[in-house]
Amino acid sequence: MKTLKEFLKRRVIHQGAFRFLSFFLFSLLLVSCSVSYTFNGSSIDYTKTKTIQIADFPIRATYVWGPMAAIFNNALKDKFTNQTKLQLVKRNGDLKIEGQITQYQQRNKSVSAEGSSSQIELTMTVNVMFTNNVKHDEDFEKSFSSSKAYNSTLSLSAVQEDLVNEMTKDIVDQIFNATVANW
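Residues numbered from 1 in each chain as written. Predicted model: local features only at pLDDT ≥ 70, side-chain atom pairs only at ≥ 80, totals over all residues. Heavy atoms only, no water.

> Please explain unusual backbone geometry as it appears in this structure.
Negative phi is the rule for most residues except glycine; trans is the rule for most peptide bonds. Even without being glycine, N92 reaches a positive phi, approximately 60°. Assignment of secondary structure puts N92 in the loop between β2 (87–89) and β3 (95–111). (Helix = DSSP H or I, 4+ residues; strand = E, 2+ residues; numbered from the N terminus.)

> Help me understand helix α2 (residues 68–83) in this model?
Along an α-helix, a turn takes 3.6 residues, which lines up residues three or four apart on a common side. Look at α2: 22 Å from first C-alpha to last across 16 residues, which is about the 22 Å you get at 1.5 Å a residue. Buried within α2 are the following residues: M68, A69, I71, F72, N73, L76, K79 and F80. (Expected span 1.5 Å × (residues − 1). Buried < 20%, exposed > 50% of the residue type's maximum accessible area, 1.4 Å probe, protein only.)

> Would you mind showing me how to read the confidence of the model for the chain here?
Detail in the predicted coordinates should be disregarded across regions flagged by low pLDDT. When the pLDDT values of the chain are averaged, the result is 85; 73% of them are 70 or greater. Below pLDDT 50 for its whole length, residues 32–40 participates in three contacts with residues either more than four positions away or in separate chains. (pLDDT = per-residue confidence, 0-100. Contact = heavy atoms within 4.5 Å.)

> For this particular structure, what's the right way to read the pattern of salt bridges?
Any two side chains of opposite charge can pair, given that their charged atoms come close. A complete count under the given rule lists eight salt bridges for this structure. Among the salt bridges present, the one from K109 reaches E121, with a minimum N-O distance of 4.0 Å. Of this pair, K109 sits in strand β3 while E121 sits in strand β4 (residues 117–132); the two residues are 12 residues apart in sequence, bridging distant segments of the chain. Taking the relative accessible area as the measure of exposure, K109 reaches 44% and is therefore partly exposed. Taken together, the shared-partner salt bridges in this structure form one network comprising K79, K169 and D173. (Salt bridge = Lys/Arg side-chain N within 4 Å of Asp/Glu carboxyl O.)

> Honestly, the packing of α2 against helix α3 (residues 156–181) in this entry has me stumped. Any pointers?
Describing two packed helices takes the angle between their axes plus the distance from one axis to the other. Relative to each other, α2 and α3 sit at 40°, their axes nearing to 9 Å. As the angle between them shows, α2 and α3 are arranged oblique. Here α2 runs over α3; the crossing is right-handed. Residues M68, I71, F72, A75, L76, K79, F80 and Q83 of α2 lie in contact with α3, whose contacting residues are V164, N165, T168, I171, V172, D173, I175, F176, T179 and V180. Taken together, the residues of the contact of α2 with α3 break down into 12 nonpolar, four polar and two charged. (Axes fitted to C-alpha atoms, helices over the stretch in contact; angles between N-to-C directions. Parallel < 35°, antiparallel > 145°, perpendicular 65-115°, else oblique. Left-handed = near helix turned anticlockwise from the far one by under 90°. Nonpolar A, V, L, I, M, F, W, Y, C, P; charged D, E, K, R; others polar.)

> Which parts of the structure should I look at to understand the nonpolar core?
One broad trend across soluble globular proteins is that nonpolar side chains are buried collectively. F72, L76, I97, Y104 and M124 are the most contacted members of the largest nonpolar core, which totals 38 residues. Only β1 (51–54), α2, β3, β4, β5 (140–151) and α3 provide two or more residues apiece to this core. The contact partners of I97, leaving out residues within four places of it in the chain, are I52, Q53, I54, A55, F57, L76, F80, V128, M129, F130, I175 and T179. (Core = buried A, V, L, I, M, F, W, Y, C linked by side-chain atoms within 4.5 Å.)

> Just to check I follow, could you spell out the packing of aromatic side chains for this structure?
Under the defined criterion, the tally for this structure stands at five aromatic pairs. With a centroid separation of 5.4 Å and an interplanar angle of 15°, the aromatic rings of Y63 and Y104 are classed as stacked. Linking Y63 in the loop between β1 and α2 with Y104 in strand β3, this pair joins segments that are 41 residues apart in sequence. Y63 gets classed as partly exposed once you look at its relative accessible area, which sits at 38%. Here Y104 falls in the buried class, since its relative accessible area comes to 2%. (Phe/Tyr/Trp six-rings, centres within 6.5 Å; stacked < 30°, edge-to-face > 60°.)

> Looking at this model, I keep getting lost on the environment of N177. Mind explaining?
Following the sequence through the fold, N177 ends up in helix α3. In this structure, the C-alpha to C-alpha distance between N177 and S43, residues 134 residues apart in sequence, is 9.7 Å.

Set out below in structure tokens:
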């Protein structure tokens, strides 16, 4: 019986020592490793990059819907000011985004059994010139597009605002990812 008590006593001491050693090693691992992740999706070195300049994008497309430029410009500026720590400036920004809305058009997407259009696709394309004055090897000029389809029984004026908002969100996300998210 005595040997069983001694065995259990030693086992408890060994388990305690094992737990302490495990906790110590785990703590050491946490202290020695660092993980950097931002929940907004941006990967900006704020010690070097502090400002962003976003020019208004004019509409250069053949077809024009008046409110589209304001919707797009506001959404683009809001995305960067809400999801980064960058200060929006009028000139001499560390990052510079400029461009124009180059395409806004609709086309038949699908045809019904009777031979008439059943869906119409609306497309918006934006050309972007990005300049990173801190790291010029990241500069680019690129086009971003988004398309949304709607039922041909509806008029464009009935769905236009919602579709432009959806396409704008999609394009702004693409621009954000291409410029500061480094995805």
